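# Residue-level structure breakdown
Chain residues, written in single-letter form:
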Amino acid sequence: MCGISGFLGPGLRSEEMVDVATRMADTLRHRGPDDHGTWIDPEVGVGFGFRRLAIIDLSDAGHQPMISSSGRQVLVFNGEIYNHADLRRRLDSEGCRFRGHSDTEVLVEAIDRWSLEKALRASTGMFAFAVWDAHRQKLSLARDRLGEKPLYYGWIGDTFLFGSELKALWAHPAFRPEVDRASLTRFLRYGYVPAPSSIFEGIQKLLPGTWVEVRPNSPRLMPEPVAYWSLSEVVDGGRRNQFDLSDREAADQLEILLRDSVARQMLADVPVGAFLSGGIDSSTVVALMQAESTRPVRTFTIGFHESDFNEAVHARAVAHHLGTDHTELYVTPEEAREVIPRLPTLYDEPFGDSSQIPTFLIAELARRSVTVSLSGDGGDELFGGYDRYRLHSLLTRTLFRIPGPLRRGTAGLIQAIGPGRFDAVASLLPARYRVARAGDRAHKLAGVLAITDTEDIYRHLMSHWKDPDQVVLSGGEADGRLGNAFRLPTAGDATDRAMYLDAITYLPDDLLVKVDRATMAVGLEARVPLLDHRLVEFAWRLPRPMKIRNGKGKWLLRQVLARHVPVELTDRPKMGFGVPVGDWLRGPLREWAEELLAPERVSYEGYLEADPIRAAWADHVSGRSDRAYQLWNVLMFQVWLESLPNRVSAS
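Residues numbered from 1 in each chain as written. Predicted model: local features only at pLDDT ≥ 70, side-chain atom pairs only at ≥ 80, totals over all residues. Heavy atoms only, no water.

### Structural notes on the sheet that holds strand β1 (residues 2-8)
Reading across from one edge, β2-β3-β1-β9-β8-β11 is the order of the 6 strands in this open sheet, with antiparallel pairing throughout. Among the strands making up the open sheet, the edge pair consists of β2 (35-41) and β11 (204-205). Across 2 bridges, the pairing between strand β8 (residues 152-156) and β11 is antiparallel. Note that in β11 the partner of Tyr152 across the bridge is Lys205. (Pairing = 2+ DSSP bridges. Helix = DSSP H or I, 4+ residues; strand = E, 2+ residues; numbered from the N terminus.)

Here it is, written out as structure tokens:
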């Protein structure tokens, strides 16, 4: 795992280019504390910077920027190519000779011999990289299929900049960012800035599964991404060509794919462990890791004393059954809240997923023992794990047959009952039927009941502020419907479309951003075995009942897990990985929030409307409703804005 950065443009002398490339890379030191390097070509104005976290081939043979044996390609690479040994054998058979055994060297030689696109299609892994072709005088950027590794880029005047994080772009003297109000509006809606946009005008995130290229004398226009892998095509093809397998055959095939992915991702020249929550996804990953290992796998869990947010007891039971070397750390609210001041510099953009706090804490815990940790992310999006998927199915099959006035009336009744009352009733149910945050979920359901357009369901369920245009001054979403920026699959129903939209937006722009920044902040590499693209393609060929059956998601994944862990240890309502932000805002964080949400401060800054924010704040602190999601987004924007240098302006 590493940090990469660079530029292409005129105006800098050789010594200035080295200095700028070094400064850009040094902002990413946390991503790569083990080594650093720069490379420049003064004649064309191209410069690369690099920070290394050594994982495979710890010797100098893994140093970057790396030049191909022909001298034609120069590469800076962030990530891992899990099938690099297979690719190495192919290249060996073609007469290629290697200096070391790093996956970076395999990639640069594959690009040199096969072309960029062929090398991308042949590679299985997580990555973001830049490569300069000295013969064709072109700079290319590429990103992995599911968006596990980040890459920002854009033109600032005559200079093209790129980097693993926005802070690298800050270090270039040409960078003069302006806040994009449309992106801010989308952030308040979703809690993240959806790709390809970033929070700044003119700077984009490279879309997963694509590459772009620029040349020294090309027009200063944003390059158009070229797809080498398309989830939309995978979904269309999978739904048209579904498997005709028995339950056992499907489970057998899934386990084979999972075992291969886990085994490949366990390979490293440094200690490897895993995050374990005790849920379906992380338990499956750990179970297969332990099946592949001759020693106890190191597993890590963060615990909270608040029962609604504590999964540590479940993780401990799974770890005991599997015989892992388990470490758990219970943190106090004070320790968790101490992370908040660090969030703006960790994420560079406003980021509103409050589970960023425990994610950072568990990464910090794991880094004390290992350098690589496997994660269970991706199972919900691939195998129908979220409650909202079943809600989509229910609405399309049943509720839309109910007359609109009756649905809207029912919604009004639910909304008239405070979330706390629903929570109180849910707490009286037997543990097997208890639903975490029942009040919040009931109110989400009420909001959906009033919708008559199925394509609006996803946006409504994912929206924190339902009308963010009313909150951002001179705002306006360029595209209010998140999915309109992407080609939606033609096959499948509303549930398939929701799973697809999650996989191209919520997964790469929220979940994977959260994991990447939190782990990289402490020099830990996170790997996600469930996002091997072969598993993704397999999952989209499964019939729906193999994903959602008898009201439960991830049915087939559960069958594989049941071969290794007793069902009673993992069969419980989905809890999520969060912190009690709503309670904190009414208690120990109230004074902090009051200062950030003060009307005069909000008005002076000139980005947000104070009145709707103050109304939401009053509702929340009084207990009339839970507005934690909306308020947390505003607060994360405010602390991010406070952290910015003076070079930022409002567009």
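Read on, since the account is not over.
### Side note on the sheet that holds strand β13 (residues 226-227)
Pairing within the open sheet is antiparallel, and its 6 strands lie in the order β4-β5-β6-β7-β12-β13. Each end of this open sheet is capped by a strand with a single partner; those strands are β4 (66-67) and β13. Bridge count between strand β6 (residues 125-133) and strand β7 (residues 138-143): 6 bridges; the pairing is antiparallel. Along β7, the bridge assignment pairs Trp132 with Leu139. This element, helix α3 (residues 103-114), spans β4, β5 (73-81) and β6 of the sheet and lies at about 130° to β5. (Contact = heavy atoms within 4.5 Å. Axes fitted to C-alpha atoms, helices over the stretch in contact; angles between N-to-C directions.)

### A closer look at the side chain of Ser164
Counting through the fold element by element, Ser164 comes out in the loop between β9 (159-163) and α5 (166-170). With residues up to four places along the chain from it excluded, the contact list for Ser164 reads Cys2, Gly3, Ile4, Leu28, Arg31, Asn78, Pro150, Leu151, Tyr152 and Arg517.

### Examining the environment of Arg337
With respect to the helices, strands and loops of the structure, Arg337 is situated in helix α11 (residues 333-337). Sequence separation between Arg337 and Pro208 is 129 residues, and the spatial gap between their C-alpha atoms is 33 Å. Setting aside residues no more than four positions away along its own chain, Arg337 makes contact with Trp584, Pro588 and Leu589.

### Regarding unusual backbone geometry
The omega angle of the peptide bond from Gln64 to Pro65 is -5°, so this bond is cis rather than trans. Relative to the elements of secondary structure, Pro65 occurs in the loop between β3 (46-52) and β4. Its identity as a non-glycine residue notwithstanding, Gln137 has a phi of 55°, on the positive side. Within the secondary structure, Gln137 sits in the loop between β6 and β7. Look at Gln137 and you get partly exposed, because its relative accessible area is 29%. (Buried < 20%, exposed > 50% of the residue type's maximum accessible area, 1.4 Å probe, protein only.)

### Brief notes about the nonpolar core
With 167 residues, the main nonpolar core has Phe129, Leu231, Ile357 and Leu608 as its most contacted residues. With 13 residues, the single largest contributor to this core is helix α20 (residues 494-520). Among the nonpolar cores identified, the runner-up in size contains 23 residues, and Leu139, Leu151, Tyr153 and Val214 belong to it. (Core = buried A, V, L, I, M, F, W, Y, C linked by side-chain atoms within 4.5 Å.)

### Some details on the packing of helix α9 (residues 280-292) against helix α22 (residues 555-562)
Running from N to C, α9 and α22 cross one another at 40°; their axes reach a closest spacing of 10 Å. It follows from the interaxial angle that α9 and α22 lie oblique. You can see that α9 and α22 cross each other, and the crossing is left-handed. Note on element contacts: α22 touches α9 through Leu557, Arg558 and Leu561, opposite Ile280, Asp281, Ser283, Thr284 and Ala287. Along the lines of polarity and charge, the residues of the contact of α9 with α22 split into 4 nonpolar, 2 polar and 2 charged. (Parallel < 35°, antiparallel > 145°, perpendicular 65-115°, else oblique. Left-handed = near helix turned anticlockwise from the far one by under 90°. Nonpolar A, V, L, I, M, F, W, Y, C, P; charged D, E, K, R; others polar.)

### Quick notes on the pairing of β3
Across the 7 residues that make up β3, a large majority, 7, are buried. What you see with β3 is no split at all: Val46, Phe48, Phe50 and Arg52 on one side and Gly47, Gly49 and Arg51 on the other are buried throughout. Inspection of the sheet shows β1 paired to β3 by 7 bridges, in the antiparallel sense. Bridging across to β3, Leu8 finds its partner in Val46. Here β2 pairs with β3 via 7 bridges, running antiparallel. In the strand pairing of β3, Gly37 is matched with Phe50. Hairpin connection, β2 to β3: the antiparallel pair is bridged by 4 residues, and Gly45 has positive phi, about 80°.

### Side note on the pattern of salt bridges
One pass over the full model with this rule turns up 46 salt bridges. For Arg316, the salt bridge identified is with Glu328, shortest N-O distance 2.9 Å. Of the two residues, Arg316 is situated in helix α10 (residues 312-322) and Glu328 in strand β16 (residues 325-331); the sequence distance between them amounts to 12 residues. Since its relative accessible area comes to 37%, Arg316 is described here as partly exposed. Beyond isolated ion pairs, a larger network of salt bridges with shared partners links Arg31, Lys149, Glu165, Lys167, Asp348, Asp516 and Arg517. (Salt bridge = Lys/Arg side-chain N within 4 Å of Asp/Glu carboxyl O.)

### A closer look at the packing of helix α26 (residues 610-622) against helix α27 (residues 628-643)
Two elements in contact, α26 and α27, have axes whose closest approach is 10 Å; the angle formed by their N-to-C orientations is 130°. It follows from the interaxial angle that α26 and α27 lie oblique. Handedness of the crossing formed by α26 with α27: left-handed. Contacts between α26 and α27 involve Ile613, Ala616, Trp617 and His620 on the former and, on the latter, Ala628, Leu631 and Val634. Taken together, the residues of the contact of α26 with α27 sort by class into 6 nonpolar, 1 polar and no charged.

### Considering the packing of aromatic side chains
For the structure shown, the criterion picks out 19 aromatic pairs. Where Tyr153 meets Phe160, the ring centres are 6.1 Å apart and the plane angle is 40°; that geometry is what we call tilted. Accessibility assignment for this pair places Tyr153 and Phe160 in one class, buried. Note on Trp592 and Trp632: the rings are 6.1 Å apart at their centroids and 50° apart in plane angle, and the pair reads as tilted. On the criterion of sequence distance, the pair formed by Trp592 in helix α24 (residues 590-596) and Trp632 in helix α27 is long-range, its members being 40 residues apart. Within the aromatic cluster, the residues linked to one another by ring pairs are Trp170, Phe175, Phe200, Tyr607, Phe637 and Trp640. One cation-aromatic arrangement involves Arg88 over Phe98; the distance from NZ or CZ to the ring centre is 4.4 Å. Stacked on the ring of Trp584, the Lys or Arg Arg337 has its end atom at 5.5 Å from the ring centre. (Phe/Tyr/Trp six-rings, centres within 6.5 Å; stacked < 30°, edge-to-face > 60°. Lys NZ or Arg CZ within 6 Å of the ring centre and 35° of its normal.)

### Let's talk about the pairing of β1
On a regular strand, each side chain points to the face opposite its neighbour's, so the side chains alternate between the two faces of the sheet. For β1, a buried count of 7 out of 7 residues is recorded, marking the element as mostly surrounded by other parts of the structure. Strand direction decides the pairing type here: β1 and β9, joined by 4 bridges, are antiparallel. Each bridged residue has a counterpart across the sheet, and for Gly6 the counterpart in β9 is Phe162.

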